[in-house]
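The primary structure of each chain is shown beneath.
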Amino acid sequence: MTARQQERRAVVTGLGVVAPNGVGADAFWKATRQGVSVLDRISREGCGHLPLRVAGEVRDFDANIAIDGRFLVQTDRFTHYAMAAADLAVADAGFTPDENAPFGVGVVTAAGSGGGEFGQRELQQLWGEGPRFVGPYQSIAWFYAASTGQISIRGGFRGPCGVVASDEAGGLDALAHAARAVRRGTDAVVVGAAEAPLAPYSMVCQLGYPELSLGEDPERAYLPFSARAGGFVPAEGGAMLMVEDESAALRRGARVRAVLAGHGATFTGASRWEESREGLVRAIRTALDEARCSPEEIDVVFADAMGVPAADRAEAFALADALGTYAERVPVTAPKAGIGRAYCGAPPLDVAAAVLAMEDGILPPTPNVTDVCHDLALVTGHARPAELRTALVLSRGLMGSNAALVLRRGSGELR
């Protein structure tokens, strides 16, 4: 890394959230800090006969209001969520693109499955009516890069754009891509992920995951770090963040909400949860080294929280390995237990929660979990006040990716 790149820090200036427990950062954070669980029986049409019963659905969202009609017909639900969240993040940051510098803003998103609902509809048209009835947007709406492309087109953002096509950990890797783009000279990046896996075709694909919970009781279907853990439940939605070069943000009078201080990533193979311990340790240590952060500086861990006994055990051991004896005292939380795992959208939601937790000085609880069977200081029951300066966010994917991100609390100043 050059001296110039070291001088450029990537900071978070805006948050945009579309989640099962609220649309907008304020609604999301209110429910998160209260430990509200919104997991419920899946209500989507065509899904009632499937064995997957419980998930986190985004209910308080009207795409017809949030998305321009001409973009709406070209895109799948996962892109609707991403576009709406991007709009919220840009507005939250008070960011206005410079028309004279269209290449100064980039876009990076992550996606694990693409537009399954749109694709299913068009395939049904193909087999039921014939090829003349397949819409022209089928070729782009399902694609992993659709959200990046549409956000870029709508916003006129012509800087470095990309997509991380990965498992869940890709949501953190996308933020690392944004931070590197900022260090290399880009002034701003709209970054994050949103997913929409609750459609019949998408759900059938997920039934092949042995980690998926088929529990029918919403309060018991997803219990990470519990003796009753029986898998995870999926969710839709996600979060987008406005990430900027700190100096550029301060020059325009933006509030620095957090610093993307360090990131690490590894790969240990699909469903090899025992091996994920070593991979997660390496990712954590890499992130700490990049952030120049000691284990004792971590004030809270937002856990991956797979809800699978072997995976939860590996994560608890990984924290002990990476943080040493301090791991027994550092608060650990998993707010996603109340909304489900939104695949690539899950880590950006955890990052948004971490930023808001540091700003408010509140440790949000892990909903529904009452019996912790691992050596973790898991926050359960109710939120707790705490001085939070540094957060560690963890993510692992079903296909074997591991990632860790260190966040520092921002100055919060308007200059």
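Values in this document were obtained by computation on a predicted structure and should not be read as measured data. (Residues numbered from 1 in each chain as written. Predicted model: local features only at pLDDT ≥ 70, side-chain atom pairs only at ≥ 80, totals over all residues. Heavy atoms only, no water.)

If you look at the biggest cluster of nonpolar residues, it comprises 53 residues, and the most contacted ones within it are Ile-284, Ile-298, Val-301, Leu-319, Leu-392 and Leu-394. Ranked by the residues each element gives to this core, the list is headed by helix α12 (residues 273-291), at 8 residues. When near neighbours in sequence (up to four residues on either side) are disregarded, Ile-298 contacts Leu-288, Cys-293, Tyr-326, Val-330, Thr-390 and Leu-392. Membership of the second largest hydrophobic core comes to 50 residues, among which are Leu-172, Ala-181, Val-300 and Leu-405. (Core = buried A, V, L, I, M, F, W, Y, C linked by side-chain atoms within 4.5 Å. Buried < 20%, exposed > 50% of the residue type's maximum accessible area, 1.4 Å probe, protein only. Helix = DSSP H or I, 4+ residues; strand = E, 2+ residues; numbered from the N terminus. Contact = heavy atoms within 4.5 Å.)

Once that is clear, we can look at the side chain of Thr-186. Take Thr-186: it is sitting in the loop between α9 (170-183) and β7 (188-195). Residue Thr-186 is classed as buried on the basis of its relative accessible area, which comes to 9%. If we skip the residues at most four places from it in the chain, Thr-186 touches Arg-8, Gly-104, Gly-106, Pro-160, Ala-181 and Asp-245.

Below, the discussion takes up the pairing of strand β5 (residues 105-111). Across the 7 residues that make up β5, a large majority, 7, are buried. Two strands pair when backbone bridges link them, and β5 and strand β6 (residues 161-165) are joined in this way by 5 bridges, in the parallel orientation. By the bridge assignment for β6, Ala-110 is matched with Val-164. (Pairing = 2+ DSSP bridges.)

Here we come to the environment of Arg-77. Secondary-structure assignment places Arg-77 in helix α5 (residues 77-92). For the pair formed by Arg-77 and Leu-198, sequence separation is 121 residues and the distance between their alpha carbons is 9.8 Å. If sequence neighbours within four positions are ignored, Arg-77 has contacts with Arg-44, Glu-117, Ala-196 and Glu-236.

So, about the pattern of salt bridges. Under the defined criterion, the tally for this structure stands at 23 salt bridges. Note that Arg-9 is salt-bridged to Glu-246, the shortest N-O span being 2.9 Å. Taken together, the residues span a long stretch of sequence, with Arg-9 in the loop between α1 (3-7) and β1 (10-19) and Glu-246 in helix α11 (residues 246-251) at a distance of 237 residues. Notably, a salt bridge pairs Glu-297 with Arg-408, separated by 3.0 Å at the nearest N-O pair. With Glu-297 in the loop between α12 and β10 (300-302) and Arg-408 in strand β16 (residues 401-409), the pair connects residues that are 111 residues apart, well separated along the chain. (Salt bridge = Lys/Arg side-chain N within 4 Å of Asp/Glu carboxyl O.)

Think of an α-helix as turning once every 3.6 residues; residues three or four places apart then point the same way. The first and last C-alpha atoms of α12 sit 26 Å apart over 19 residues, in line with the 27 Å expected at 1.5 Å per residue. All of the buried residues in α12 are Trp-273, Ser-276, Gly-279, Leu-280, Val-281, Ala-283, Ile-284, Ala-287, Leu-288 and Ala-291. Where α12 is buried, its residues touch β9 (258-267), α13 (309-323), β15 (390-396) and β16. Once α12 finishes, Arg-292 follows within two positions and takes phi at roughly 55°, a positive value. (Expected span 1.5 Å × (residues − 1).)

The subject of this paragraph is helix α8 (residues 146-155). Of all the residues in α8, the buried ones are Ala-146, Ser-147, Thr-148, Gln-150, Ile-151 and Ser-152. A positive phi of about 70° marks Gly-156, the residue just after α8.

Another point: the packing of aromatic side chains. All told, the structure shown has 6 aromatic pairs when counted by the stated rule. On the basis of an interplanar angle of 70° and a centroid distance of 5.2 Å, the ring pair of Phe-61 and Tyr-81 is categorised as edge-to-face. Of the two residues, Phe-61 sits in the loop between β4 (54-55) and α3 (63-66) while Tyr-81 sits in helix α5, which places them 20 residues apart along the sequence. Connected via pairs of aromatic rings, a cluster forms that spans Trp-142, Phe-143 and Tyr-144. Over the face of the ring belonging to Phe-71 we find Arg-154, whose NZ or CZ atom lies 5.6 Å from the ring centre. (Phe/Tyr/Trp six-rings, centres within 6.5 Å; stacked < 30°, edge-to-face > 60°. Lys NZ or Arg CZ within 6 Å of the ring centre and 35° of its normal.)

Time to look at unusual backbone geometry. Unusually for a residue other than glycine, Ser-271 sits at a positive phi of about 60°. Under the relative-accessibility criterion, Ser-271 is labelled partly exposed at 33%. Positioned with a positive phi, Tyr-343 is a non-glycine residue whose angle comes to about 50°. By secondary structure assignment, the location of Tyr-343 is in the loop between β11 (331-333) and α14 (346-360). On the accessibility criterion, Tyr-343 (10% relative accessible area) is buried.

A separate point is the packing of α12 against α13. Direction vectors running N to C along α12 and α13 enclose 35°, while the axes themselves pass 8 Å from each other. Both α12 and α13 take part in a crossing whose hand is right-handed. Residues Trp-273, Glu-274, Ser-276, Arg-277, Leu-280, Val-281, Ile-284, Arg-285 and Leu-288 of α12 form the contact with α13, whose participating residues are Ala-310, Ala-311, Ala-314, Glu-315, Phe-317, Ala-318, Leu-319, Asp-321, Ala-322 and Leu-323. Looking at the contact of α12 with α13 residue by residue, the class counts come to 13 nonpolar, 1 polar and 5 charged. (Axes fitted to C-alpha atoms, helices over the stretch in contact; angles between N-to-C directions. Left-handed = near helix turned anticlockwise from the far one by under 90°. Nonpolar A, V, L, I, M, F, W, Y, C, P; charged D, E, K, R; others polar.)

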